[in-house]
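# Coordinate inspection notes
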Amino acid sequence: MNGLPTPPLLALLACPRLRERTRLALEFGTASRIIGPVAFADSWDTLGGLAAQHPGSPALVDTFHDNGSPDAPGPRAAWNGQLSRIPVIWYARPDPCRDRQLTETGITVAAHLLPGVDDELGAINTAILSSIDARCVRRLRDRIRRAAQPDAIEILGYALDLATGPCSVSDIARRSHRTERTLQRRCTIMGIPSPKRLLSLVRIFTVQRLAEWSGQPYGTVAVALGFSDRSNYRRLVRGVFGQTPTEIELCSGHFYVAKTIVDSVC
């Protein structure tokens, strides 16, 4: 895969401080290998137009009222249809009720950040990476929920949560309040691959889908997601699939990896 210009990061930010922090997060973070620079919108209508051009690009937004309604939105058709194509990183406290209200209008909240609390540059970078092309990840989660046992759904869910950065089986064990040994034993009882293999599959899925989405070489994306170098990722793919990342790409890329994940837990 030859590197193409990266898709832009979108933003509808009224606060100048947040606009500047978004620029700095891209400048100093790894997300810039996959997305950016920032395309700032001055209205919901403008953001809707950008969303139509760049589906899957996250949008950082701070212009919501406290009741969860967009502040001065454009025509309903514009932000219902066009904005459904992009994940929103909302500068507000997580609130499932408000998130559902927005989902009903076609706006999907992929992450939350609180100004001055958890919006350090690294956190913004992490939120961007975890939100890119979020609908693709949601489709895989839905397939897993339909196919897998509850514990397998939980393990894979945590793996997907962690997959955009350096992670290990111990991280999954901590999130599930189990020891690594207990986690391994549970996978054996369910007759599914080991936690290490499941995590490897999810990491490969994440690198491949982001490489395909962004048009960037898989090695560039792998390094952005915490692999030490391109060859390290290449060895992982060969160890799991017996193929190179390029060969995976020729086998339908992330769709092929997603099918392998679902088949492994059926």
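Here's a quick rundown of the structure. (Residues numbered from 1 in each chain as written. Predicted model: local features only at pLDDT ≥ 70, side-chain atom pairs only at ≥ 80, totals over all residues. Heavy atoms only, no water.)

Looking only at helices and strands, the chain features 14 helices and five strands. Here the C-alpha atoms of the chain give a radius of gyration of 19 Å, agreeing with the 18 Å that 2.2 N^0.38 yields for 266 residues. Looking at the 266 residues of the chain, the share that counts as buried comes to 53%. Contacts spanning at least 24 positions in sequence make up 68% of the contacts within the chain whose residues lie at least 6 apart. In the chain, 32 side chains carry a positive charge and 25 a negative one; their mean positions are 7 Å apart. (Helix = DSSP H or I, 4+ residues; strand = E, 2+ residues; numbered from the N terminus. Rg over C-alpha atoms; globule rule 2.2 N^0.38 Å. Buried < 20%, exposed > 50% of the residue type's maximum accessible area, 1.4 Å probe, protein only. Contact = heavy atoms within 4.5 Å. Lys, Arg positive; Asp, Glu negative; His and termini not counted. Charge placed at Lys NZ, Arg CZ, Asp CG, Glu CD.)

Residue position: D263 is located in helix α14 (residues 254–265). Overall, the relative accessible area of 42% leaves D263 in the partly exposed class. Residues D263 and I192 lie 71 residues apart in sequence; the distance between their C-alpha atoms is 9.7 Å.

Applying the stated criterion across every chain, the model contains 12 salt bridges. Linked by salt bridges that have partners in common, D151, E154, R178 and R186 make up one network. (Salt bridge = Lys/Arg side-chain N within 4 Å of Asp/Glu carboxyl O.)

Turning our eyes to something else, we now look at the packing of helix α10 (residues 195–214) against helix α12 (residues 230–241). Axis separation between α10 and α12 bottoms out at 10 Å; the angle between their running directions is 125 degrees. Regarding the angle of α10 to α12, the classification is oblique. Once α10 is placed against α12, the crossing between them reads as left-handed. Side by side, α10 and α12 meet where R197, S200, L201, I204, V207 and Q208 of the first sit next to Y233, L236, V237, V240 and F241 of the second. Of the residues that constitute the contact of α10 with α12, the class distribution is eight nonpolar, two polar and one charged. (Axes fitted to C-alpha atoms, helices over the stretch in contact; angles between N-to-C directions. Parallel < 35°, antiparallel > 145°, perpendicular 65-115°, else oblique. Left-handed = near helix turned anticlockwise from the far one by under 90°. Nonpolar A, V, L, I, M, F, W, Y, C, P; charged D, E, K, R; others polar.)

What follows covers the nonpolar core. Ranked by size, the top nonpolar core spans 67 residues in total, and within it I34, L60, I128 and I261 carry the most contacts. The greatest single-element share of this core, amounting to 10 residues, is contributed by α10. Ignoring sequence-local partners within four residues, the contact set of I128 consists of L9, L26, A31, I35, P58, L60 and I89. L10, A41, W90 and L102 belong to the second-largest nonpolar core, a separate cluster that totals 18 residues. (Core = buried A, V, L, I, M, F, W, Y, C linked by side-chain atoms within 4.5 Å.)

This brings us to a positive patch on the surface. On the surface, a cluster of positive charge is contributed by R85, R135, R138 and R139. Among the secondary structure elements, R139 is positioned in helix α6 (residues 134–147). Overall, the relative accessible area of 46% leaves R139 in the partly exposed class. (Patch = residues over 30% accessible without salt bridge, like charges linked within 9 Å, V, L, I, M, F, W, Y side chains within 5 Å. Areas by Shrake-Rupley, 256 points an atom, 1.4 Å probe, with all protein chains shown as cover.)

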